Amino acid sequence: MFTSITPGGPVGEFVESIWLHEGGNPARRAELRLPTGAVELMFNLREDSFRLPGGTASSGISRGAVVAGPYRRAYVLDTTQQSRVLGVVFRPGGARPLVEAPLHELCERHVPLEELWGADADLVRERVLAAPDAGARLRTLESVLRERLARRAEAAHSAVAHPAAVAATACLSGALGSRRIGRLGERLGWTPRRVEQVFRADVGLSPKAYQRLWRFRAALEGIDEAGRLGWPAFATAHGYYDQAHLIREFRSHCGLPPTEYLRRRGERLNHVPLPV
């Protein structure tokens, strides 16, 4: 069962969704988790630990809560620990006030939440576990985020998403090609170096990496159109120079060419089942 809410009020400025997945034993032990560029917070409600993705600098065992930084490439997800997970998906430019760390330090990493929140990480998980049902767990986590924002505001820390990061990600999300990156500083009234600094700290990726990933995500969401358009036309319609460029970018982000992704994809856009 998958349940989610879109927070309102001050939390909604930072958080896109809060979700809860509760299910039985997965059909497969591992999946390829495709990158979204988003920062996510996850609590394992079934066990007191997370096995972090293998093949990365952060692989290993963590306590029961982790922050997944912005990924540009797919990683292997252990589905056996996904039977009862509570998560938060942050908006572009919205994670830093709640994560409380420069986001480029989290890029391509899963970081134990206690490294960022200290003892609060275990206390939050205990509050969520004490909630009586799925809806209450979602609302409890929303309340926790609201409380943390209020405390940061009281302590005179920044409790707002960086307006330049929000404006810049919105601008690049509307541009299929790369030409607008050079004019981004002009539109924001900032030097290119300052734009780069803000992106790294508040989004976690460079402007170019963010736009490449957004273009890949747009192609992924519309990939069923390829059968009607043909791959060359599909590639150019989604901002790629040609079919070869599309294939290179798919391999870079998910390790598969688009035809292989279509053949192997699962029920969810971001998950590709792996052989046992």
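Residues numbered from 1 in each chain as written. Predicted model: local features only at pLDDT ≥ 70, side-chain atom pairs only at ≥ 80, totals over all residues. Heavy atoms only, no water.

Colleague: Could you clarify how one ought to interpret the side chain of Glu249 in this entry?
Modeller: Following the sequence through the fold, Glu249 ends up in helix H12 (residues 243-254). Beyond its immediate chain neighbours, meaning those up to four positions away, Glu249 contacts Arg212, Arg215 and Tyr240. (Helix = DSSP H or I, 4+ residues; strand = E, 2+ residues; numbered from the N terminus. Contact = heavy atoms within 4.5 Å.)

Colleague: I tried to follow empty space enclosed by the protein on my own but got confused; where do I start?
Modeller: Think of a ball as big as a water molecule: rolled over the atoms, this probe shows where empty space is left. This structure, assessed with the given rule, holds one cavity of 30 Å³ or more. Each pocket or cavity is described by its volume, and for the largest cavity that value is around 80 Å³. Forming the walls of the largest cavity are Arg33, Leu34, Pro35, Thr36, Gly37, Ala38, Glu40, Ala68, Gly69, Tyr71 and Tyr75. In terms of residue class, the lining of the largest cavity is made up of six nonpolar, three polar and two charged. (1 Å grid on protein atoms, 1.4 Å probe; cavity = no way out; pocket = protein on both sides within 12 Å on 5 of 7 lines; lining within 4 Å. Points joined across faces, edges and corners; volume = space filled by probe spheres on them. Nonpolar A, V, L, I, M, F, W, Y, C, P; charged D, E, K, R; others polar.)

Colleague: When you look at the pairing of strand S2 (residues 15-22) in this model, what are you seeing that I'm missing?
Modeller: When a strand is regular, its side chains alternate between the sheet's two faces. Across the eight residues that make up S2, a large majority, six, are buried. Of the strand pairs in this sheet, strand S1 (residues 2-5) and S2 are connected by four bridges, and their pairing is antiparallel. Paired with Ile5 across the bridge in S2 is Ile18. By the bridge criterion, seven bridges tie S2 to strand S9 (residues 84-90) in an arrangement that is antiparallel. Along S9, the bridge assignment pairs Ile18 with Val88. (Buried < 20%, exposed > 50% of the residue type's maximum accessible area, 1.4 Å probe, protein only. Pairing = 2+ DSSP bridges.)

Colleague: Whenever I open this one, the packing of helix H9 (residues 207-221) against H12 confuses me. Can you help?
Modeller: A pair of packed helices is characterised by two quantities: the angle between their axes and the separation of those axes. Packing of H9 against H12 brings their axes to within 10 Å, and their N-to-C directions diverge by 105°. By the angle between their directions, the pair H9 and H12 is classed as roughly perpendicular. In this structure, H9 contributes Arg212, Leu213, Arg215, Phe216, Ala219 and Leu220 to the contact, and H12 contributes His245, Leu246, Glu249, Phe250, Ser252, His253 and Cys254. For the contact of H9 with H12, the residue count by class is seven nonpolar, three polar and three charged. (Axes fitted to C-alpha atoms, helices over the stretch in contact; angles between N-to-C directions. Parallel < 35°, antiparallel > 145°, perpendicular 65-115°, else oblique.)

Colleague: Got a minute to help me understand the sheet that holds S2 in this structure?
Modeller: In a beta sheet, neighbouring strands pair by backbone hydrogen bonds and run either parallel or antiparallel. Here six strands make up an open sheet; going across it, the order is S1-S2-S9-S4-S7-S10 and the pairing antiparallel. Single-partner strands in this sheet number two, and they are S1 and strand S10 (110-112). Adjacent strand axes in the sheet meet at a mean angle of 20° when their direction is disregarded. Helix H4 (residues 120-130) contacts strand S4 (40-44) and S9 of the sheet and is inclined by roughly 65° relative to S4.

Colleague: Is there a simple way to think about the packing of aromatic side chains in this case?
Modeller: The geometry of an aromatic ring pair comes down to the distance between the two centres and the angle between the two planes. One pass over the structure, following the stated rule, counts five aromatic pairs. Consider the rings of Phe199 and Tyr210, whose centres lie 5.9 Å apart with planes at 65°: the pair is edge-to-face. In this pair, Phe199 is assigned in helix H8 (residues 192-202) and Tyr210 in helix H9, connecting sequence segments 11 residues apart. Exposure remark for Tyr210: the relative accessible area of 11% places this residue in the buried category. Measuring from centroid to centroid gives 4.9 Å for Phe216 and Phe250, while their planes differ by 75°, and the two rings are edge-to-face. Here Phe216 is found in helix H9, whereas its partner Phe250 is found in helix H12, with 34 residues between them in sequence. The exposure class of Phe216 is buried, given its relative accessible area of 0%. (Phe/Tyr/Trp six-rings, centres within 6.5 Å; stacked < 30°, edge-to-face > 60°.)

Colleague: Where do I start with the environment of Leu20 in this structure?
Modeller: Positionally, Leu20 belongs in strand S2. Leu20 has contacts with Met1, Phe2, Thr3, Leu45, Val85, Leu86, Ala134, Arg137 and Leu138, leaving out every residue within four places of it along the chain.

Colleague: Sorry, what's going on with unusual backbone geometry here?
Modeller: In most cases, non-glycine residues show a negative phi, while peptide bonds are predominantly trans. Positive phi is not limited to glycine here, since Glu100 has a value of about 65°. Even without glycine at this site, Glu108 takes up a positive phi of about 60°. Mapping Glu108 onto the fold places it in the loop between helix H2 (96-99) and S10. Exposure remark for Glu108: the relative accessible area of 18% places this residue in the buried category.

Colleague: What is the right way to look at the sheet that holds strand S8 (residues 75-78) in this model?
Modeller: Strand order in this open sheet of three strands is S8-S3-S11, and the pairing throughout is antiparallel. The two strands at the open ends of the sheet, each matched to only one other strand, are S8 and strand S11 (271-273). For this sheet, the mean angle separating the axes of adjacent strands, direction not counted, is 35°. Bridge count between strand S3 (residues 30-33) and S11: three bridges; the pairing is antiparallel. Paired with Glu31 across the strands is Pro273, a residue of S11.

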